[in-house]
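Chain and residue survey
Given next are the chains, with one letter for each unit.
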Amino acid sequence: MAMRLGYDRALLGRVCQRFAKRAMQTLRGRTKRAHGLRSSCSLHPGVLIVVQRFRSDLGLYVHLHALVTDGCFEAPAMPNEGNPVWKSCTASK
């Protein structure tokens, strides 16, 4: 699979996109449960994926590094009501 990802840019993009989407769904669900929220629509998690294509000997070896937030920013109900609020996905109610 790593070799195919090294030569198929569209496939690599879909793999990264699916991983990020699933990570964000998980973060929204955990934050919603941790804070007893009715909806996760206003929650905005963060995911950053970096693709590394080579090993130290410059051989092709595609692998991903991901930085994922430990919670979500909750947007205010109305755009001019204030700043987003950080909500950890591990906080208790």
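Before reading on, note that the structure itself is shown above.
So, here is what we can say about the structure in this document. Just so it is clear, the model here is predicted, and its values are computed rather than measured.

Counting secondary structure elements, the chain contains two helices and five strands. Along its sequence from the N terminus, the chain presents helices and strands in the succession α-α-β-β-β-β-β. For 93 residues, the compact-globule formula gives about 12 Å, and the C-alpha radius of gyration of the chain, at 17 Å, lies well above that figure. Reported as C-alpha extents along the three principal axes, the dimensions of the chain are approximately 50 × 25 × 20 Å. For the chain, the proportion of its 93 residues judged to be buried stands at 22%. A sequence separation of at least 24 residues applies to 45% of the contacts in the chain between residues at least 6 apart. Split by element, the accessible area of the chain, about 6900 Å² in all, is 56% carbon and sulfur. Averaging the locations of the 15 positively and 5 negatively charged side chains of the chain gives two centres separated by 8 Å.

With respect to topology, three strands assemble into an open sheet ordered β1-β4-β5, the strand pairing being antiparallel. Since the sheet does not close on itself, it has two edges, and those belong to β1 (43–44) and β5 (85–88), each with one partner. As paired strands, β1 and strand β4 (residues 71–74) are joined by two bridges and run antiparallel to one another. Looking across to β4, one finds that His44 is bridged to Phe73.

Turning our attention to the side chain of Ser88. Position of Ser88 among the secondary structure elements: in strand β5. When its relative accessible area of 18% is taken as the criterion, Ser88 is described as buried. At a separation of 3.5 Å, a polar atom in the side chain of Ser88 contacts the main-chain carbonyl oxygen of Asp70. Apart from the residues lying within four places of it in its own chain, the contact partners of Ser88 are Thr31, Ala34, His35, Asp70 and Gly71.

What follows deals with the packing of aromatic side chains. What the rule picks out here adds up to one aromatic pair. Each ring, one from Phe73 and one from Trp86, has its centre 5.0 Å from the other, and the planes form 70°; the classification is edge-to-face. One end of the pair, Phe73, is in strand β4; the other, Trp86, is in strand β5, and 13 residues separate them in sequence. On the basis of relative accessibility, which here comes to 41%, the residue Phe73 falls in the partly exposed class.

Rules behind the numbers
Per chain, the residues get numbers from 1 upward, laid out in the order the sequence is written. Residue-level local features of this predicted model are given only where pLDDT is at least 70; pairs of side-chain atoms are given and counted only at 80 or more, and the full residue set underlies all totals for whole chains, interfaces and linings. Only hydrogens and water are set aside; all other atoms, that is, all heavy atoms of the structure, feed into the side-chain values. Only DSSP runs of H or I covering at least 4 residues are called helices, and only runs of E covering at least 2 are called strands; the numbering of each starts at the N terminus. C-alpha atoms define the radius of gyration in this analysis, and the globule rule sets the expected value at 2.2 Å times the number of residues to the power 0.38. Relative accessibility under 20% of the residue-type maximum defines a buried residue, over 50% an exposed one, and the middle range a partly exposed one, all with a 1.4 Å probe and only protein chains included. The contact criterion used throughout is that any non-hydrogen atoms of two residues lie within 4.5 Å. Values of accessible area rely on a 1.4 Å probe in the Shrake-Rupley scheme; residue burial ignores everything except the protein chains shown. A residue counts as positive if it is Lys or Arg and as negative if it is Asp or Glu; His and the chain ends are not included. Taken as the charge centre is NZ of Lys, CZ of Arg, CG of Asp or CD of Glu, depending on the residue. Pairing between strands is defined by DSSP: at least two bridges between the two strands are required. Any pair of N or O atoms that falls within 3.5 Å is considered a polar contact. Within protein, one atom must be able to donate a hydrogen and the other to accept it, and sequence-neighbouring residues count only if both atoms are side-chain atoms. Aromatic rings from Phe, Tyr and Trp, taking only the six-membered ring of Trp, are treated as a pair when their centres fall within 6.5 Å; an angle between ring planes under 30 degrees marks them as stacked, one over 60 as edge-to-face, and anything in between as tilted.

Keep in mind that these numbers describe shape and distance, not what the molecule does.
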